[in-house]
Amino acid sequence: MSNGWLARLCAPLWRQPGQGLLLVSAILMAVAMLQAPNLVAANTSAHAHWVSLVLMWSVCAGLINGMGWQPRSWPVRLLLFPWLALLLNGWGLWLTRSYFLG
């Protein structure tokens, strides 16, 4: 499997303003999950347990890519795919919108 096409696909989020957007969305999602875990926790919300795990992964991948770390191997690039992290951080921010708006 070639590493070049994956690097070209990830390149827009490894530069500004994409990198900054990813970092800000991950920080906001981390703050929301730490300050109001009842919005995404399995026992205290309407969401399943897997939602909090997926959102924690997206925060980790968003922080790693947002800080500028670019993995070299293609399995790690797929694991920490920045477009998926940005999409899931956006979904998580939508789920926790009552924390920011309320």
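Our structure's up above, just so we're on the same page.
Reference entry: report on the structure contained in this document.

## Observations concerning the overall build of the chain
Across its full length, the chain holds six helices and zero strands. Secondary structure elements in the chain, listed N-terminal to C-terminal, are α-α-α-α-α-α. A compact globule built from 102 residues should have a C-alpha radius of gyration of about 13 Å, and the chain, at 14 Å, falls within 12% of that. Across the 102 residues of the chain, 37% fall into the buried class. Sequence-distant contacts, at least 24 apart, represent 75% of the contacts inside the chain between residues at least 6 apart. Summing over all exposed atoms, the chain offers an accessible surface of approximately 6000 Å²; the carbon and sulfur share of this is 71%.

## Details of helix 5 (residues 82-95)
Over its 14 residues, helix 5 extends 20 Å from the first C-alpha to the last, a length consistent with the 20 Å expected when each residue adds 1.5 Å. Inspection of helix 5 places P82, A85, L86, L88, N89, G92 and L95 among the buried residues, and these make up the whole buried set. The inward-facing, buried residues of helix 5 contact helix 1 (4-10), helix 2 (18-35), helix 3 (49-66) and helix 6 (97-101).

## Some remarks on the packing of helix 2 against helix 3
Interaxial distance between helix 2 and helix 3 falls to 8 Å at its minimum, and their mutual angle equals 140 degrees. One element, helix 2, and the other, helix 3, form an angle in the oblique class. By crossing handedness, the relation of helix 2 to helix 3 is classed as left-handed. For the pair formed by helix 2 and helix 3, the contact residues are Q19, L22, L23, A26, I27, M29, A30 and M33 on the first element and S52, L55, M56, V59, G62, L63, N65 and G66 on the second.

## Some remarks on helix 3
Spanning 18 residues, helix 3 covers 26 Å between terminal C-alpha atoms, matching the ideal 26 Å at 1.5 Å per step. Of all the residues in helix 3, the buried ones are V51, S52, L55, S58, V59, A61, G62, N65 and G66. G68 sits one or two residues past helix 3 and shows a positive phi near 105 degrees.

## Describing the packing of helix 2 against helix 5
Packing of helix 2 against helix 5 leaves a shortest axis separation of 9 Å and a crossing angle of 40 degrees. Considering the angle they form, helix 2 stands oblique to helix 5. Pair helix 2 / helix 5 crosses with left-handed handedness. Across from L21, L22, S25, A26, L28 and M29 in helix 2, the residues of helix 5 making contact are P82, A85, L86, N89, G92 and L93. Considered class by class, the residues forming the contact of helix 2 with helix 5 number nine nonpolar, three polar and no charged.

Rules of the game
Residues numbered from 1 in each chain as written. Predicted model: local features only at pLDDT ≥ 70, side-chain atom pairs only at ≥ 80, totals over all residues. Heavy atoms only, no water. Helix = DSSP H or I, 4+ residues; strand = E, 2+ residues; numbered from the N terminus. Rg over C-alpha atoms; globule rule 2.2 N^0.38 Å. Buried < 20%, exposed > 50% of the residue type's maximum accessible area, 1.4 Å probe, protein only. Contact = heavy atoms within 4.5 Å. Areas by Shrake-Rupley, 256 points an atom, 1.4 Å probe, with all protein chains shown as cover. Expected span 1.5 Å × (residues − 1). Axes fitted to C-alpha atoms, helices over the stretch in contact; angles between N-to-C directions. Parallel < 35°, antiparallel > 145°, perpendicular 65-115°, else oblique. Left-handed = near helix turned anticlockwise from the far one by under 90°. Nonpolar A, V, L, I, M, F, W, Y, C, P; charged D, E, K, R; others polar.

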